[in-house]
Amino acid sequence: MALVPCQVLRVAILLSYCSILCNYKAIEMPSHQTYGGSWKFLTFIDLVIQAVFFGICVLTDLSSLLTRGSGNQEQERQLKKLISLRDWMLAVLAFPVGVFVVAVFWIIYAYDREMIYPKLLDNFIPGWLNHGMHTTVLPFILIEMRTSHHAYPSRNSGLAAICTFSVGYILWVCWVHHVTGMWVYPFLEHIGPGARIIFFGSTTILMNFLYLLGEVLNSYIWDTQRTAHPAHGPPRPTQACSVPALPSG
């Protein structure tokens, strides 16, 4: 039995994202006052994605609790729609975008922090908030994947969706540069047009890879559970929260 019910974990994670977003928006930084505001930063977009995702998770848990044993088919249909939306968001947005933000930020930060997070920002953003935006996203999404079964969409539709998101954000970054004459991220100022094209192409490929990684990881976790408990079969599609057994050995 889990020490902390996953429904409680989801509420706690949702509240933490709400706190991070409120604290981030309260910071008076010059970049927040320029064209695009906070929405030109993938970190902020990812925080909104994670908050919306965990909000849907909490709503799904509440709906599951209210419909349990009611026998109302319409409520069951609505619950299934919520679960489908929750699973789609994890597969296409929450996992790949969240892991991308954490991985790319800290890789570039380790190489040269001035290229991605200039030291000047320490005067505006406290360390705990930086980790809330760029670190805890990863363990939170892994906890969600580990504690609840998620049905992935077809691979073609999933990859098409994440490609659409990636290309859309790249076009948005280019548009901000077109309007303001400045790149959203400092390192883009220091590389040529060809290198930028390679970088943008590489990020799209990485997003696709992370989608596939999430699909494989989700299958591994839940195939392991079905192997450990073959008599129970696969999780029910309306199951809002379930904890798989740890793999033996």
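Residues numbered from 1 in each chain as written. Predicted model: local features only at pLDDT ≥ 70, side-chain atom pairs only at ≥ 80, totals over all residues. Heavy atoms only, no water.

Taking an unreviewed UniProt entry as the reference, the protein is identified by name as Androgen-induced gene 1 protein isoform X2 belonging to Acinonyx jubatus. Turning to the protein, the UniProt annotation filed under Subcellular location (unreviewed entry) states: "Endomembrane system". The protein has a UniProt comment under Sequence similarities (unreviewed entry) that states "Belongs to the AIG1 family." (UniProt positions renumbered as here; feature names shortened; annotations may be inferred.)

Draft legend 1. Local environment of the side chain of Thr 203. Relative to the assigned elements, Thr 203 resides in helix α7 (residues 193-228). Taking the relative accessible area as the measure of exposure, Thr 203 reaches 13% and is therefore buried. (Helix = DSSP H or I, 4+ residues; strand = E, 2+ residues; numbered from the N terminus. Buried < 20%, exposed > 50% of the residue type's maximum accessible area, 1.4 Å probe, protein only.)

Draft legend 2. Region of the structure containing the pattern of salt bridges. Tallied over the full model, the rule gives five salt bridges. Between Asp 87 and Arg 86 there is a salt bridge; the shortest N-O distance is 3.0 Å. A relative accessible area of 4% places Asp 87 in the buried class. Two residues, Asp 122 and Arg 113, come together in a salt bridge whose shortest N-O distance is 3.1 Å. The class of Asp 122 is partly exposed, set by a relative accessible area of 36%. Bridged by salt links that share partners, the residues Arg 10, Asp 61 and Glu 144 form one connected network. (Salt bridge = Lys/Arg side-chain N within 4 Å of Asp/Glu carboxyl O.)

Draft legend 3. Representation of the layout of surface pockets within the structure. Roughly 990 Å³ of internal volume is contained in the largest pocket. Taken together, 43 residues line the largest pocket, and the ones lying closest to its centre are Phe 41, Ile 116, Val 184, Tyr 185 and Pro 186. For the lining of the largest pocket, the elements supplying multiple residues, two or more each, are α2 (42-67), α3 (73-112), α4 (127-134), α6 (155-180) and α7. It is α6 that provides the largest number of residues to the lining of the largest pocket, a total of six residues. Of the residues in the lining of the largest pocket, the class split is 34 nonpolar, seven polar and two charged. (1 Å grid on protein atoms, 1.4 Å probe; cavity = no way out; pocket = protein on both sides within 12 Å on 5 of 7 lines; lining within 4 Å. Points joined across faces, edges and corners; volume = space filled by probe spheres on them. Nonpolar A, V, L, I, M, F, W, Y, C, P; charged D, E, K, R; others polar.)

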